[in-house]
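An overview of the molecular structure
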Amino acid sequence: MLRDTIHRALRPVRPWMVYTLGALPALLLVVDVFTGNLGVDPVKTIEHRVGEVALQLIVAGLCITPLRRFAGLNLIRFRRQIGVLAFVYAALHLLVWITLDLQFRWSEIGADLVKRPYIIVGFAAFLMLLPLAVTSNNAAIRRMGAAAWQRLHWLTYPAAMLAGLHFIMLVKAWPAEPLIYMGAIIALLGLRLIPRAAPRRVPA
């Protein structure tokens, strides 16, 4: 079966390999910086790219549970790495905005927060991702207990919705791309609401 083939192919994959793969978009961005392939507004291009990678990784993380439940494809051991990478790219998105876009002009940052609601929405999503990244380690799970840790990580769901909404509000129009991301997020969260089938009883 295809599922078994995928499981066998992924068996040798280690966490550092996932992180290495996740670093490729950032490395390609660095190459584009030095080769001048960022267009007429390099800062906005960098800001957009790292933000979109963060959103893509959030969507990828949301795929793991439905894939295991409905397709029998178990990628759960990669969820932590995907989540950490999503946070890193979200942090880069915020950092680029503060350092390269507004260049630490704090008065303008405050004004932007007032007149551009999408920034508040995006920042709220980032704040929800922050405790998830901090507790994405075995020590945190042991300290908090598995149940409390699981409840905390439900913040992934509203964070994903806010990240998708941030993208839609940012573009100030209705192009297909942000709507596709939001549609995927809603669909993936909706799949979690489907009741589990009752186990079949084996006749005596």
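Right above here is the structure, for reference.
Throughout, a residue's number is its position along its own chain's written sequence, starting from 1. Local features are withheld for residues below a pLDDT of 70 in this predicted model, meaning they are given only at 70 or higher, and side-chain atom pairs are given and counted only at 80 or more; totals for whole chains, interfaces and linings count all residues. Note that water and hydrogens are dropped before the side-chain values are worked out from all heavy atoms of the structure.

**Here's the deal with the packing of aromatic side chains**
- Only Phe, Tyr and Trp rings take part, Trp by its six-membered ring, and two of them pair if their centres are within 6.5 Å. Stacked means planes under 30 degrees apart, edge-to-face means over 60, and tilted covers everything else. Taken as a whole and judged by the stated rule, the model has four aromatic pairs.
- Ring centres 5.4 Å apart and planes at 15° place the aromatic pair F87 and F126 in the stacked group. Of this pair, F87 sits in helix α4 (residues 79-101) while F126 is found in helix α6 (residues 117-134), placing the two residues 39 residues apart along the sequence.
- Remark: exposure states derive from per-residue accessible area (1.4 Å probe, protein chains only) relative to the maximum for the residue type, with buried under 20%, exposed over 50%, and partly exposed in between. Given a relative accessible area of 16%, F87 falls into the buried group.
- Given the relative accessible area of 14%, F126 is considered buried.
- Among the aromatic residues, those joined into a cluster by ring pairs are F87, F123 and F126. Strands are runs of DSSP state E lasting at least 2 residues, helices are runs of H or I lasting at least 4, and numbering of each runs from the N terminus.

**Thoughts on the layout of surface pockets**
- Each cavity reported here is a set of points on a 1 Å grid over the protein atoms alone in which a 1.4 Å probe fits but cannot get out, each pocket an open set with protein on both sides within 12 Å along at least five of seven lines, and each lining residue one with an atom within 4 Å of a point. Grid points are joined across faces, edges and corners, and a volume is the space filled by probe spheres set on the points. By volume, the largest pocket amounts to about 740 Å³.
- In terms of lining residues, the largest pocket is bounded by 32 residues, among which E47, H93, Y118, G122 and H166 are the most central.
- Elements supplying a minimum of two residues to the lining of the largest pocket: α3 (42-71), α4, α5 (106-115), α6 and α9 (156-171).
- Under the scheme applied here, ten amino acids are nonpolar (Ala, Val, Leu, Ile, Met, Phe, Trp, Tyr, Cys and Pro), four are charged (Asp, Glu, Lys and Arg), and all others, including Gly, are polar. Along the lines of polarity and charge, the residues of the lining of the largest pocket split into 20 nonpolar, five polar and seven charged.
- Size it by volume and the second largest pocket reaches roughly 560 Å³.
- What lines the second largest pocket is a set of 25 residues, and nearest its centre among them are R79, R80, G83, H153 and T156.
- Among the secondary structure elements, those contributing two or more residues to the lining of the second largest pocket are α3, α4, α6, α8 (146-152) and α9.

**Some thoughts on the environment of M128**
- Of note, M128 is situated in helix α6.
- Overall, the relative accessible area of 22% leaves M128 in the partly exposed class.
- Along the backbone, M128 and A160 are 32 residues apart, and their C-alpha atoms lie at a distance of 9.4 Å.
- Whether two residues are in contact is decided by their heavy atoms: any pair within 4.5 Å suffices. In contact with M128, other than residues within four places in its own chain, are L155, P158, A159 and L162.

**What to know about the nonpolar core**
- By size, the foremost hydrophobic cluster in this structure holds 43 residues, and its most contacted members are L57, W97, L129 and I185.
- Broken down by secondary-structure element, the contributors of at least two residues to this core are α2 (15-35), α3, α4, α6, α9 and α10 (176-191).
- If near-sequence neighbours (up to four positions away) are discounted, I185 is found in contact with L55, V59, L62, A160, M161 and G164. Put simply, a nonpolar core is a bunch of buried Ala, Val, Leu, Ile, Met, Phe, Trp, Tyr and Cys residues held in one set by side-chain atoms that sit within 4.5 Å of each other.

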